[in-house]
Amino acid sequence: MQATGNPTLLSVTECLQQVIEDNFSPEDRESFRRAESYRKGLLDSTEVVDYSVFGLNQKSTVGKVCRQATSPAVWARLIFALVKHLSAAKVLEIGTNLGVSGSYILEAMRPVAAGQFITMEGMPLYVDIASRQFATIVPEERFEVILGKYEDTFGPMVVNNEGFDLLFIDGNHQKEPTQQYFRELLSRSTRPSVWVFDDINWTEGMVEAWDNIKQDVAVAYSLDLYKLGIVIVDPSVKAAKHFSYHLSY
Ligand SMILES: C[S@@+](CC[C@H](N)C(=O)[O-])C[C@H]1O[C@@H](n2cnc3c(N)ncnc32)[C@H](O)[C@@H]1O
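Residues numbered from 1 in each chain as written. Predicted model: local features only at pLDDT ≥ 70, side-chain atom pairs only at ≥ 80, totals over all residues.

So, on to the overall build of the protein. Broken down by element type, the protein carries 9 helices and 10 strands. The C-alpha radius of gyration computed for the protein amounts to 17 Å, which stays within 12% of the reference 18 Å derived for 249 residues, consistent with globular compactness. Considered along the principal axes of its C-alpha atoms, the protein spans approximately 50 × 40 × 35 Å. Residue pairs at least 24 apart in sequence account for 70% of intrachain contacts in the protein once pairs closer than 6 positions are excluded. (Helix = DSSP H or I, 4+ residues; strand = E, 2+ residues; numbered from the N terminus. Rg over C-alpha atoms; globule rule 2.2 N^0.38 Å. Contact = placed C-beta atoms within 7 Å.)

The next subject is helix 9 (residues 204–214). Within helix 9 the residues assigned to the buried category are A209, W210 and I213. On an axial view of helix 9, the arc spanned by its buried residues comes to 100 degrees, and they lie on one face. For helix 9, the exposed residues set more than 90 degrees away from the buried face come down to E204 and D211. Those residues of helix 9 that are buried lie in contact with helix 8 (175–186), strand 7 (193–198) and strand 9 (228–233). (Buried ≥ 20, exposed ≤ 12 C-beta atoms within 10 Å, placed from the backbone. Arc of directions from axis to C-beta.)

The next point concerns the site of the ligand. Taken together, 17 residues are adjacent to the ligand, and S71, G95, S101, G122 and G171 come closest. Elements that contribute at least two residues to the shell around the ligand include exactly helix 5 (100–109) and helix 7 (150–160). A class-by-class count of the residues in the shell around the ligand yields 5 nonpolar, 8 polar and 4 charged. (Near = placed C-beta within 6 Å. Nonpolar A, V, L, I, M, F, W, Y, C, P; charged D, E, K, R; others polar.)

Right, let's get into the sheet that holds strand 9. Reading across the sheet, the 8 strands line up as 5-4-3-6-7-9-8-10 and stay open at both edges, with mixed pairing between neighbours. In this open sheet, the two strands that pair with only one neighbour each are strand 5 (143–147) and strand 10 (241–244). Here the average twist between neighbouring strands, direction ignored, is 15 degrees. Sheet topology note: the strand 8 (residues 219–224)/strand 9 ladder contains 5 bridges and is antiparallel. Across the sheet, residue V219 finds its bridge partner in strand 9, namely V233. (Pairing = 2+ DSSP bridges. Axes fitted to C-alpha atoms, helices over the stretch in contact; angles between N-to-C directions.)

Most of strand 7 is tucked away, with 6 of its 6 residues classed as buried. Going residue by residue along strand 7, you find S193, W195 and F197 tucked away on one face and V194, V196 and D198 tucked away on the opposite face as well. Note: strand 6 (residues 166–169) against strand 7, 4 bridges, orientation parallel. Its bridge partner being in strand 7, L167 is matched across the sheet by W195.

Further remarks concern the environment of T8. Following the sequence through the fold, T8 ends up in helix 1 (residues 7–21). When the 22 C-beta atoms within 10 Å are taken as the criterion, T8 is described as buried. For the pair T8 and D234, spaced 226 residues apart in sequence, the C-alpha separation works out to 8.5 Å. Apart from residues no more than four positions distant in its own chain, T8 is found in contact with P192, V194, I232 and D234.

By the alternation rule, side chains of strand 6 split into L166 and F168 and L167 and I169, which are all buried. Regarding topology, helix 8 serves as the crossover connection from strand 6 to the parallel strand 7, and that connection is right-handed. (Right-handed = clockwise from strand over helix to strand, strands pointing away.)

As for its position among the elements, S101 is in helix 5. By C-beta crowding, S101 is classed as buried, having 25 other C-beta atoms within 10 Å. Residues S101 and P72 lie 29 residues apart in sequence; the distance between their C-alpha atoms is 8.8 Å. Discounting chain neighbours no more than four positions away, the residues touching S101 are T70, S71, A76, I79, E93, F168 and D170.

At N97, a position not held by glycine, the phi torsion is positive, near 55 degrees. Mapped onto the fold, N97 is located in the loop between strand 3 (90–94) and helix 5. Residue N97 is classed as buried on the basis of its 24 C-beta neighbours within 10 Å. Unlike most non-glycine residues, Y226 shows phi in positive territory, near 70 degrees. Following the sequence through the fold, Y226 ends up in the loop between strand 8 and strand 9.

Packing of helix 4 (residues 73–85) against helix 5 brings their axes to within 8 Å, and their N-to-C directions diverge by 30 degrees. Between helix 4 and helix 5, the angle is such that the two are roughly parallel. Here helix 4 runs over helix 5; the crossing is right-handed. Along its contact with helix 4, which presents A76, I79, F80, V83 and K84, the element helix 5 presents V100, S101, Y104, I105, E107, A108 and M109. Split by residue class, the contact of helix 4 with helix 5 holds 9 nonpolar, 1 polar and 2 charged. (Parallel < 35°, antiparallel > 145°, perpendicular 65-115°, else oblique. Left-handed = near helix turned anticlockwise from the far one by under 90°.)

Right, dumping it as C-alpha cells:
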C-alpha cells in the first residue's frame, strides 16, 4: 500500500497500524476512556426502547441495544484514528444509534474548530440520548443529529450537503439502500474522501453491495477488513487497487 505514495491511502494505512499496535497518545486514551465510560452507562440502562416508529411491535432496553448494535471498541478506535489523522472537517454517519461511534468521532473532531458532524437516526429515543452525549463533547453547533427514517431524510440531507471528508455508513445494512447512499453521496463528493462501510459480510446482499461499490469507477482504493470495508475516492488516481487486511473479526 505504501508503494502507491497516495497520501490518503498512506493515512489510512497508518491508522490501521496505530490500532494494531495500540499506539495512541495519552490524550487519545483519555478520549477512549470517556467514550467507553459513556458506553458503560448505556449498558447498565434498563430504559425501555419501543420500535413502533419502524412499524414493529417489539420492545427492548437501552442496555441490550447497546450490546447488540454499537461498534466494538477496536473498530471505534479505527474510526477515531481516521477522523483525527485525516483532520476530517466534515463527517457523515448513517446510523447514530445511541451515539457510541459518534462519541469517538466527535472526540477526534474536538480540535477542529470548524468541524461539522452530521449523523442520521430513525429512533427518537436514540436521537435524544445521543444528542445529550454529543453536547458534552463539543458545542451544539458542531453536530447535527437528523431524526427520521432514511427513506424521508436521506434525500434532503444529500441535497443540502457536499464535500464530506469521511463517511461512516452504518445503518440500514441492505444491498439497495447501501448502494443508493454511495451513489447519491458520490454525486456530491468534491474532494478525496474516505468511506467506511460496516458489516460488508453481514448478508449476501451486503457482500454484493460491497463488491459493486468497490468496482465503481470513482473508487481509487478499497480495503477489505472483513467486517468493515473502506474505499477511498480520489479523482487524481487513475488505476484502482484493492487490498485485503486482517484486523479483527
Ligand atoms: C448498527 S446501528 C448504528 C451503530 C452506531 N454507528 C455505533 O457504532 O454506535 C444502525 C442504526 O441505524 C438505524 N436505522 C436503520 N435503518 C434505518 C432507517 N431506514 N431509517 C432510520 N434509521 C435507521 C437503526 O435504528 C440503528 O440505530
